[in-house]
Amino acid sequence: MLNKKNEAGTLLPMTVTEGVTVNVLPNHVHEYLMTTKEVANGYGVTDYNVRQHKLQHSNELVEGKHFVIAVSIPNGELPSALKSAHNAVLWTKRGIVRLGFFIKSERAKLFRDWAEELIITVSDGVKQPPRRALPAKRNHNRLTPARMVDILADVCRIEDTALRLSITDKLIGKEARYGC
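Residues numbered from 1 in each chain as written. Predicted model: local features only at pLDDT ≥ 70, side-chain atom pairs only at ≥ 80, totals over all residues. Heavy atoms only, no water.

All right, on to the pattern of salt bridges then. One pass over the structure, following the stated rule, counts 3 salt bridges. The salt bridge partner of Lys-93 is Glu-31, with a shortest N-O separation of 2.8 Å. Taken together, the residues span a long stretch of sequence, with Lys-93 in helix H4 (residues 93-102) and Glu-31 in strand E3 (residues 31-35) at a distance of 62 residues. What makes Glu-31 partly exposed here is its relative accessible area of 36%. Across the pair Asp-154 and Arg-157 runs a salt bridge, and its minimum N-O distance is 3.2 Å. The class of Arg-157 is exposed, set by a relative accessible area of 65%. (Salt bridge = Lys/Arg side-chain N within 4 Å of Asp/Glu carboxyl O. Helix = DSSP H or I, 4+ residues; strand = E, 2+ residues; numbered from the N terminus. Buried < 20%, exposed > 50% of the residue type's maximum accessible area, 1.4 Å probe, protein only.)

And the structure:
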């Protein structure tokens, strides 16, 4: 992966894999943005495919978080090629990763690996919140075979036949009855 520093307002070419290069637009809010065409190129699909995923998954792809519209970016930060396309969709790094959940192709796998590596590299300087451990698994109230035999041995001591059979049926199931 080729990674160079660049100033806002100019496209930065980045090599995803041999033969695949995408242009990234540095941005002070989202770190970087990519056009739909560049995202499609990276994933090895058509622009139409990316636009369709945006429509089909509109409940998961949120404007301002996963993508922005070019008109919302100050003119000084847009390259000249995008200044005329005021309604162009620009994908954030979160949006690129989220799209990767929906796009399935061989090159998409490589592009997801590249995007993941880029995000990890950019985020290395940021302290990650500590992971919380899962609560310990409860071990009490588990009906193991040994515990079942122990309980049934106690049930066999019950004098009331109807009560004994009722408890046995509930523990073992209605089909199985053992005489005690």
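Another aspect to go through is the nonpolar core. The biggest cluster of nonpolar side chains holds 24 residues, and the ones touching the most others in it are Met-34, Tyr-43, Trp-91, Ile-96, Leu-99 and Trp-114. The element contributing the most residues to this core is helix H5 (residues 106-123), with 5 residues. Judged by nonpolar contacts, the second largest core, of 7 residues, contains Leu-25, Ala-70, Ile-73 and Ala-88. (Core = buried A, V, L, I, M, F, W, Y, C linked by side-chain atoms within 4.5 Å.)

On average, residues of the protein score 76 in pLDDT, and 71% of them are at 70 or above. Of all secondary-structure elements in the protein, the lowest mean pLDDT belongs to helix H3 (residues 80-83), at 59, while helix H2 (residues 47-56) reaches the highest, 94. (pLDDT = per-residue confidence, 0-100.)

The subject of this paragraph is the environment of Gly-100. Mapped onto the fold, Gly-100 is located in helix H4. For the pair Gly-100 and Val-39, spaced 61 residues apart in the sequence, the C-alpha separation amounts to 9.9 Å. Each residue touching Gly-100, except ones within four places of it in the same chain, is listed here: Tyr-43 and Arg-112. (Contact = heavy atoms within 4.5 Å.)

Once that is clear, we can look at the pairing of strand E2 (residues 20-27). Among the 8 residues of E2, 6 are classified as buried, and the element is accordingly described as predominantly covered. Summarising the sheet, E2 and E3 pair through 3 bridges and their orientation is antiparallel. For Pro-26, the partnering residue across the bridge sits in E3 and is Tyr-32. The loop that links E2 with its antiparallel partner E3 comprises 3 residues. (Pairing = 2+ DSSP bridges.)

Let's shift gears to the packing of aromatic side chains. All told, the structure shown has 1 aromatic pair when counted by the stated rule. Measuring from centroid to centroid gives 5.6 Å for Phe-67 and Trp-91, while their planes differ by 55°, and the two rings are tilted. Placement of the pair is Phe-67 in strand E4 (residues 67-69) and Trp-91 in strand E5 (residues 89-92), with a sequence separation of 24 residues. Note on accessibility: Phe-67 and Trp-91 belong to one class, buried. (Phe/Tyr/Trp six-rings, centres within 6.5 Å; stacked < 30°, edge-to-face > 60°.)

Here E5 shows no split at all, with Val-89 and Trp-91 on one side and Leu-90 and Thr-92 on the other all buried. In the sheet, E3 pairs with E5 via 3 bridges, with the strands oriented antiparallel. Across the sheet, residue Leu-33 finds its bridge partner in E5, namely Thr-92.

Once that is clear, we can look at H4. Of all the residues in H4, the buried ones are Lys-93, Gly-95, Ile-96, Leu-99, Gly-100 and Phe-102. One face of H4 carries all of its buried residues, which in axial projection span an arc of 165°. Facing away from the buried side of H4, by more than 90 degrees, are the exposed residues Arg-94 and Phe-101. (Arc of directions from axis to C-beta.)

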